[in-house]
Amino acid sequence: MKFFVDTADTKEISELNALGLLDGVTTNPSLILKSGRDIMEVTKEICDIVEGPVSAEVAATDYEQMMREADVLSKIADNICIKVPLTFDGLKACKALTGDGRMVNVTLCFSANQALLAAKAGATFISPFVGRIDDTGEDGMELIAEIRTIYDNYDFGTEILTASVRTVNHVKQAALIGSDVATVPPAILRQLVKHPLTDKGLDAFLADWAKTGQNIA
Ligand code: E4P
């Protein structure tokens, strides 16, 4: 499973990229707001750090303006992936943009039928928001499993990009189900390495090593 990081914080992106952990980045209008940066400037900086797809979201809701914004965003770098909302206009833009050879991430997916439409529109990525579904009392991971089944049934090439990830368990479940990608907030990505028994075991090894009086040199 590929890891994207869900942030517009370039310091975090640089650090995680240096660890070799990142296959891409996702941003959205809320993350751009949080960064306090200009969308063009910060997105260009992100594209210079990471080789993989960097999702940049259009702000328009009508097809013509989405296409104009997509043209502006596409000029930032070759690894830009245009993010469009899961609406009829968004799907129309998806069809046109992918037909033109551009990567498209269809976002704000909350149902299997929406994911089916996005695949038929040629989406590069579909972004089901698991955390926001959990917030309603439903199980977001069930949607990932449904989409996996549907895409496999018909050999759709659209990649499932599990989004709105809130816990390390979301990451594990996404990998078990066979999500192609998970976009994960930096704090959750860092938590993935943690295990109390790793810390405890390391402490014990270090204590015993000190008692040997040896150095590896
Ligand atoms: C995905 O591309 C979105 O940017 C993101 O995962 C949304 O997550 P949230 O529900 O935590 O805002």
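Further up the page is the structure itself.
Cut-offs used in this document
Within each chain, residues carry numbers counting from 1 in the order of the written sequence. In keeping with the model being predicted, local features are shown solely for residues with a pLDDT of at least 70 and side-chain atom pairs are shown and tallied solely at 80 or more, while totals for entire chains, interfaces and linings include all residues. Remark: hydrogens and water are excluded; side-chain values derive from all non-hydrogen atoms of the structure. For Phe, Tyr and Trp, where Trp contributes only its six-membered ring, two rings pair if their centres lie within 6.5 Å, and the inter-plane angle classes them as stacked under 30 degrees, edge-to-face over 60, or tilted in between. In this analysis the charged atom, NZ for Lys or CZ for Arg, is taken to sit over a ring once it is within 6 Å of the ring centre and within 35 degrees of the ring normal. The criterion is simple. A nonpolar core is a set of buried Ala, Val, Leu, Ile, Met, Phe, Trp, Tyr and Cys residues joined through side-chain atoms within 4.5 Å. Under the scheme applied here, a residue whose accessible area is under 20% of the maximum for its type counts as buried, over 50% as exposed, and between as partly exposed, the area being computed with a 1.4 Å probe on protein chains only. Here a strand is any run of E in DSSP of at least two residues, a helix any run of H or I of at least four, and the numbering for each starts at the N terminus. The contact definition used throughout considers only heavy atoms, calling two residues in contact when any of these lie within 4.5 Å. Two strands are said to pair when DSSP picks up at least two bridges between them. Axis definition: a line fitted to C-alpha atoms, limited for helices to the stretch in contact. Angles are taken between N-to-C directions and run from 0 to 180 degrees. In these notes, residues near a molecule or strand are those with any non-hydrogen atom within 4 Å of it. N or O atoms within 3.5 Å of each other form a polar contact, as long as, within protein, one can give a hydrogen and the other can take it, and as long as residues adjacent in sequence are counted only when both atoms are side-chain atoms. Think of it as three bins: nonpolar holds Ala, Val, Leu, Ile, Met, Phe, Trp, Tyr, Cys and Pro, charged holds Asp, Glu, Lys and Arg, and polar takes everything else, Gly as well. In this description, the arc belongs to the directions extending from the helix axis to the C-beta atoms. Given a helix with a known number of residues, its expected span is that number minus one, times 1.5 Å. A clockwise course of the path from the first strand over the helix to the second, judged with the strands pointing away from the viewer, identifies a crossover as right-handed.

Enquirer: Where do I start with the packing of aromatic side chains in this structure?
Expert: Two descriptors summarise a pair of aromatic rings, namely the distance from one centre to the other and the angle between the planes of the rings. Per the counting criterion, the structure on display carries 4 aromatic pairs. Taking 6.2 Å as the distance between ring centres and 50 degrees as the angle between the ring planes, the aromatic pair formed by Tyr154 and Phe156 counts as tilted. Cation over ring: Lys92 sits above Tyr63, and NZ or CZ is 4.3 Å from the ring centre.

Enquirer: Got a minute to help me understand the nonpolar core in this structure?
Expert: Where a protein is soluble and globular, its nonpolar side chains tend to be buried together. If you look at the biggest cluster of nonpolar residues, it comprises 58 residues, and the most contacted ones within it are Ile82, Val84, Val106, Ile126, Ile147, Tyr151 and Val184. If you tally residues by element for this core, the top one is helix 8 (residues 140–154), at 6 residues. Residues in contact with Val184, not counting those within four places in the same chain, are Phe3, Phe4, Val5, Asp6, Val165, Val171 and Leu189. If you look at the next biggest cluster of nonpolar residues, it comprises 5 residues, including Phe4, Cys81, Leu161 and Val181.

Enquirer: Hey, could you run me through the sheet that holds strand 6 (residues 125–128) in this one?
Expert: As summarised here, the arrangement of the 8 strands in space is 1-2-3-4-5-6-7-8, forming a closed barrel in which the pairing is parallel. This sheet shows a mean twist of 30 degrees between the axes of neighbouring strands, independent of strand direction. Bridge count between strand 7 (residues 159–162) and strand 8 (residues 181–184): 2 bridges; the pairing is parallel. Paired with Thr162 across the strands is Ala182, a residue of strand 8. Along the sheet, helix 3 (residues 39–49) makes contact with strand 2 (24–26), strand 3 (54–57) and strand 4 (80–85), crossing strand 3 at roughly 170 degrees.

Enquirer: Which parts of the structure should I look at to understand the site of the ligand?
Expert: Residues in close proximity to the ligand include Asp6, Thr26, Asn28, Lys83, Phe129, Arg132, Ala163, Ser164 and Arg166, which together make up its full environment. Within the side chain of Asn28, a nitrogen or oxygen atom sits 2.7 Å from an oxygen atom of the ligand. In the environment of the ligand, an oxygen atom lies 3.4 Å from a nitrogen or oxygen atom belonging to the side chain of Arg166. Class assignment of the residues belonging to the shell around the ligand gives a composition of 2 nonpolar, 3 polar and 4 charged.

Enquirer: When you look at helix 6 (residues 112–120) in this model, what are you seeing that I'm missing?
Expert: Owing to its 3.6 residues per turn, the α-helix aligns residues three or four sequence positions apart on the same side. Buried within helix 6 are the following residues: Ala112, Ala115, Ala118 and Ala119. Buried residues in helix 6, looked at end-on, bunch into an arc of 115 degrees, giving them a common side. Turned more than 90 degrees away from the buried face of helix 6, the exposed residues are Asn113 and Lys120. Those residues of helix 6 that are buried are in contact with helix 5 (88–99), strand 5 (103–109), strand 6 and helix 8.

Enquirer: Just to check I follow, could you spell out helix 5 for this structure?
Expert: Given a rise of 1.5 Å per residue, 12 residues ought to cover 16 Å, and the 16 Å separating the end C-alpha atoms of helix 5 matches this to within 8%. Taken together, the buried positions of helix 5 are occupied by Gly90, Leu91, Ala93, Cys94, Leu97 and Thr98. Here the buried residues of helix 5 occupy an arc of 160 degrees about the axis, which is enough to place them on one side. Counted as exposed and oriented over 90 degrees from the buried face of helix 5: Phe88, Lys95 and Gly99. Buried positions along helix 5 lie against helix 4 (63–74), strand 4, strand 5 and helix 6.

Enquirer: What's the story with the side chain of Thr7 in this structure? I'm lost.
Expert: Looking at the element boundaries, Thr7 is found in the loop between strand 1 (2–6) and helix 1 (10–18). Since its relative accessible area comes to 8%, Thr7 is described here as buried.

Enquirer: Just to check I follow, could you spell out the side chain of Lys83 for this structure?
Expert: Within the secondary structure, Lys83 is located in strand 4. A distance of 2.8 Å separates a polar atom in the side chain of Lys83 from the backbone oxygen of Thr27. Setting aside chain neighbours within four positions, we find Lys83 in contact with Thr26, Thr27, Asn28, Ser55, Ala56, Glu57, Val58, Asn105 and Thr107.

Enquirer: Would you mind going over the pairing of strand 3 with me for this structure?
Expert: Looking along a regular strand, one sees the side chains alternate between the two faces of the sheet. Residues Val54 and Ala56 of strand 3 are buried on one face, and the alternating residues Ser55 and Glu57, pointing to the opposite face, are buried as well. Relative to strand 4, strand 3 is paired through 4 bridges, and the arrangement is parallel. Residue Ala56 lies in a different strand from strand 4, and its bridge partner there is Ile82. Handedness of the crossover joining strand 3 and strand 4 through helix 4: right-handed.

Everything listed here is a matter of geometry and, on its own, says nothing about what the molecule does.
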